[in-house]
Amino acid sequence: MAKVLVATVKPFSAQAVEEVKGVFQEAGYEVEVLSAYPAQSDLIAAVADADGLIIRSDNVDREVLEAASKLKIVVRAGAGYDNVDLEAATEKGVVVMNTPGQNSNAVAELAAGMMVYMNRNRLTPSTGTELRGKKLGIHAYGYVGRIVGMIAKGFGMKVYAYDPFIDPVIIKNDGVAVETSAESLYRKCEYISLHIPANAETRGLVNFELMNQMPQGATLVNTARKEVIDEEGLKKMFQVRDDFRYLSDIAPDCKEELLEAYGERVFFTPKKMGAQTAEANLNAGVAAARQIVNFLEHGDTTFKVN
Ligand code: 3PG
């Protein structure tokens, strides 16, 4: 009997856990749920006899993979898989997948919500500003970026996107203007929403020079990864631009410094929560479970990333 471990430091909703279990029970698999575990050693111990593993932002490094002698597949219930050591997984013959699109709406709604929240002075009655008529630049037009664009158009924003990996026709067909460089996107838009994955190419990509292209009233929204921001550049932006605001679901390492010096112009969620909705938990969790069954039963490698 195959055994699957569902390891989520940040727990899924109870309903999602039940439905994920249901998928495995129907397939005749054993399931173990390890949620909100206090130490990485708990994951290392629990993975020892697992054939399959579902995770969220949990850290699947070489040590975890070495401890998992039976493991055949890891599915990251979500989009970003920068928390999985792909090289080690490939060496060990472990297939890694993500579940693209399954939690995107939740993240996009948070990005939009943070803009409204800050524009309305954190929901206090003093005079705020509107999004209508403002320009929003979407940096990377994947599943989340695309939904952010749709929501922004609902607000009456003018929407632009830059993504060298997406066919411009797809962007244009959504009624979104295509920018051909990150510089031109930042130069044009007072609001920028980041949807770049974290990898070797994108580390520190959003640097001072790029951010400083933004026009007056610059607001940078990050629901992607903290690693894509160059933090020295971020601090410099606050020093030289008194109009600049930074709203993020993934607090930077310099969070306390920014809060202390520029508290009025920053907003950080208490804990990464973009994908933390009932719907996203269910969609991503069940998709991950089905992908594991389809792989173990039929060798289906759709969404394999290594
Ligand atoms: C993702 O990459 O899917 C999002 O960042 C959500 O991550 P989470 O599952 O840790 O909430």
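This text follows the structure it describes.
Per chain, residues are indexed from 1 in the order of the written sequence. Where totals are concerned, whole chains, interfaces and linings use all residues; where local detail is concerned, this predicted model gives features only for residues with pLDDT of at least 70, and gives and counts side-chain atom pairs only at 80 or more. Excluded from the side-chain calculations are hydrogens and water; all other atoms, namely the structure's heavy atoms, are used.

Colleague: Talk me through the pattern of salt bridges; I want residue IDs and the actual numbers.
Modeller: Take a side-chain nitrogen of Lys or Arg and a carboxyl oxygen of Asp or Glu: if they are within 4 Å of each other, that pair is a salt bridge. This model, assessed by the stated rule, comprises 14 salt bridges. Put simply, Glu18 and Lys21 hold a salt bridge, and the shortest N to O gap is 3.7 Å. One end of the pair is Glu18 and the other is Lys21, both in helix H1 (residues 14-26) and three residues apart, which spans about a single turn. Two residues, Arg62 and Glu66, come together in a salt bridge whose shortest N-O distance is 3.9 Å. Of the two residues, Arg62 and Glu66 are both situated in helix H3 (residues 62-67); the distance of four residues between them amounts to about one turn of the helix. What you see here is one network of salt bridges that share partners, running through Lys3, Glu32 and Asp49. Under the DSSP-based scheme used, a helix requires at least four consecutive residues in state H or I and a strand at least two consecutive residues in state E, with every element numbered from the N terminus.

Colleague: Which residues make up the site of the ligand, and what are the values?
Modeller: The rule for a residue being near a molecule or strand is that one of its heavy atoms must lie within 4 Å of it. The immediate surroundings of the ligand are formed by Lys10, Arg56, Ser57, Arg76, Gly78, Ala79, Gly80, Asn103, Arg225, Lys272 and Ala275. Between the ligand and the protein, one listed contact pairs an oxygen atom with a side-chain N or O atom of Lys10 at 2.8 Å. Here an oxygen atom of the ligand sits 3.0 Å away from a polar atom, N or O, in the side chain of Arg76. Accessible areas in this description were obtained via Shrake-Rupley with a 1.4 Å probe; residue shielding takes into account the shown protein chains only. About the coverage of the ligand: the protein hides 95% of its 320 Å² of free accessible area. Here the term charged refers only to Asp, Glu, Lys and Arg, the term nonpolar to Ala, Val, Leu, Ile, Met, Phe, Trp, Tyr, Cys and Pro, and the term polar to all other amino acids, Gly among them. When the residues that make up the shell around the ligand are grouped by side-chain class, the tally is two nonpolar, four polar and five charged. In the analysis that follows, any N or O atom pair within 3.5 Å is treated as a polar contact, provided that within protein one partner can donate a hydrogen and the other can accept it, and provided that, for residues neighboring in sequence, both atoms belong to side chains.

Colleague: Let's hear about the packing of helix H5 (residues 104-119) against helix H6 (residues 143-154): which residues, and what values?
Modeller: Lines fitted to the C-alpha atoms define the axes, with helices restricted to the stretch that makes contact. Angles between their N-to-C directions range from 0 to 180 degrees. Here H5 crosses H6 at 50°, and the two axes come no closer than 8 Å. Here H6 runs oblique to H5, going by the angle between their axes. Here H5 and H6 pass one another in a crossing that is right-handed. Side by side, H5 and H6 meet where Ser104, Asn105, Val107, Ala108, Glu109, Ala111 and Ala112 of the first sit next to Tyr143, Val144, Ile147, Val148 and Ile151 of the second. Partitioning the contact of H5 with H6 into residue classes produces nine nonpolar, two polar and one charged. Roughly parallel refers to an angle under 35 degrees, roughly antiparallel to one over 145, roughly perpendicular to one between 65 and 115, and oblique to any angle outside these ranges. By convention the crossing between two helices is left-handed if the near helix lies anticlockwise of the far one by an angle smaller than a right angle, and right-handed if it lies clockwise. We call two residues in contact when some of their heavy atoms are within 4.5 Å.

Colleague: Give a description of the pairing of strand S1 (residues 3-8) that names residues and reports values.
Modeller: S1 sits mainly inside the fold: six of its six residues count as buried. Note on exposure labels: buried denotes an accessible area under 20% of the residue type's maximum, exposed denotes more than 50%, and partly exposed covers the range between, all computed with a 1.4 Å probe on protein chains only. Of the two faces of S1, the one carrying Lys3, Leu5 and Ala7 and the one carrying Val4, Val6 and Thr8 are both buried. If DSSP finds at least two bridges between two strands, the strands pair. Both S1 and strand S2 (residues 30-35) contribute to a ladder of six bridges, which runs parallel. Paired with Ala7 across the bridge in S2 is Leu34. A crossover counts as right-handed when, viewed with the strands pointing away from the observer, the path leading from the first strand over the helix to the second turns clockwise. Where the polypeptide runs from S1 across H1 and back to S2, its parallel neighbour, the crossover connection is right-handed.

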